[in-house]
Amino acid sequence: MTGSLAASDLSVRYETPHGAVHALRHVDIEAHPGEVIGIVGESGCGKSTLVTALANLLPANARIDGSISYNGVDLAKLDAYHQRLLRGDEIALVSQDPMTAFNPVLTIGDQLVDFQHHRKDLGRAQKRARIAAMLGRVGIADAERRMRSFPHELSGGMRQRVAIAAALLTDPGLLIADEPTTALDVTMEAQIIHLLRELRRDYNGIIIVVSHHLGVIAELCDRVYVMYAGEVVEGGEVDAIFHDARHPYTQALLACDPARFHERLDRLPTIPGSLPNLTQPPSGCVYAPRCDRAFAPCTTVAPPLVKLAASHVARCHAVTP
Ligand code: SF4
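Residues numbered from 1 in each chain as written. Predicted model: local features only at pLDDT ≥ 70, side-chain atom pairs only at ≥ 80, totals over all residues. Heavy atoms only, no water.

### Points about the pattern of salt bridges
Working step 1: This model, assessed by the stated rule, comprises 15 salt bridges.
Working step 2: Here Asp74 makes a salt bridge to Lys77, at a shortest N to O gap of 3.2 Å.
Working step 3: Here the salt bridges do not stand alone but share partners, grouping Arg119, Asp121, Arg130 and Asp171 into one network. (Salt bridge = Lys/Arg side-chain N within 4 Å of Asp/Glu carboxyl O.)

### Description of the packing of aromatic side chains
Working step 1: Taken as a whole and judged by the stated rule, the model has 4 aromatic pairs.
Working step 2: When the centroid spacing of 4.6 Å and the interplanar angle of 50° are considered together, the rings of Tyr228 and Tyr249 count as tilted. Taken together, the positions of Tyr228 in strand β9 (residues 223-228) and Tyr249 in helix α10 (residues 248-255) put the pair 21 residues apart, joining distant regions of the chain. With respect to burial, Tyr228 and Tyr249 carry one shared label: buried.
Working step 3: Considering the side-chain rings of Tyr249 and Tyr287, the 5.3 Å spacing of their centres and the 70° angle between planes classify their relative orientation as edge-to-face. Of the two residues, Tyr249 sits in helix α10 while Tyr287 sits in the loop between α10 and β11 (305-309), which places them 38 residues apart along the sequence.
Working step 4: Residue class for Tyr249 comes out buried when judged on its relative accessible area of 0%.
Working step 5: By way of ring pairs, the aromatic residues Tyr228, Tyr249 and Tyr287 are connected into one cluster. (Phe/Tyr/Trp six-rings, centres within 6.5 Å; stacked < 30°, edge-to-face > 60°. Helix = DSSP H or I, 4+ residues; strand = E, 2+ residues; numbered from the N terminus. Buried < 20%, exposed > 50% of the residue type's maximum accessible area, 1.4 Å probe, protein only.)

### Brief notes about the pairing of β9
Working step 1: Where burial is concerned, most of β9 is hidden: 6 out of the 6 residues are buried.
Working step 2: On β9, burial covers both faces: Arg223, Tyr225 and Met227 on one face and Val224, Val226 and Tyr228 on the other are all buried.
Working step 3: Bridge count for strand β3 (residues 36-40) against β9 is 4 bridges, and the pairing is parallel. Across the sheet, the residue bridging to Val40 is Val226, located in β9.
Working step 4: Bridge count for β9 against strand β10 (residues 231-237) is 6 bridges, and the pairing is antiparallel. The residue bridging Met227 from the neighbouring strand is Val232, located in β10.
Working step 5: Linking β9 to β10, which pair antiparallel, is a turn of 2 residues; within it Ala229 sits at a positive phi near 50°. (Pairing = 2+ DSSP bridges.)

Below you can see the structure in the form of structure tokens.
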């Protein structure tokens, strides 16, 4: 089953002994089958909370408002049993550290058989044949030998390939890759980007790629949402975001991208200031304390989402269509 995904007015707060942390506020995103969607922003911007909510994996202290509709079903309102079913059958998550996805004392083959528990129509031999084919598809040679390996016997890049194979074995309609290359060196990173680009050719579902790495987003995605302090501050086609960014935060993020600097720098540029305290989010624009274009209404009035083009939006008082 493949269907469209839409988060509408989605907010998530974590109840903690120090008060509620408003990690996500009034987020609207949508994705359609065949699309690759990027979520980008600094650490702490809410991108991991967003995809954890989409994958129905929020911790027990999380409180959710708004809706997450997948193929017409509101995921936020499903009971735990149906959430688990959907996660196994329809939604797959590839995390930054694939080591956490695997049991260290079981072979890769046994674990990938278990990943297919929803395929009651297949026997063990058929499941192992699917695994061998899928490992080949993600570029792992000598699949039979790798199936007998334990996770610690594989390199980081190979583990990430196996994690992607494990996700695809469930035939998901929604594949979420959360910082899929962050733990890898540049060579491995290039290989995983190449693999994801290849896979999208014959994958009909939705792929969501979360990264703080602008190059990964530019290489892989059709559309991108830029997040800051729990809000989507800009969204649009990759080309519009990378060549016609309108929100001051997106512009600052692009200006600090290390890939833009060809000469050797003693220190990489950063955006001055820090994220606001999310136990007490500002009443005006969340970016105002760091914005060099802030003016009178910015600190008191929350900016509207301004539509700039068919799919290009920015949340800022200073932008006009
Ligand atoms: S609303 Fe104001 S403070 Fe916020 S990004 Fe726009 S100009 Fe800057």
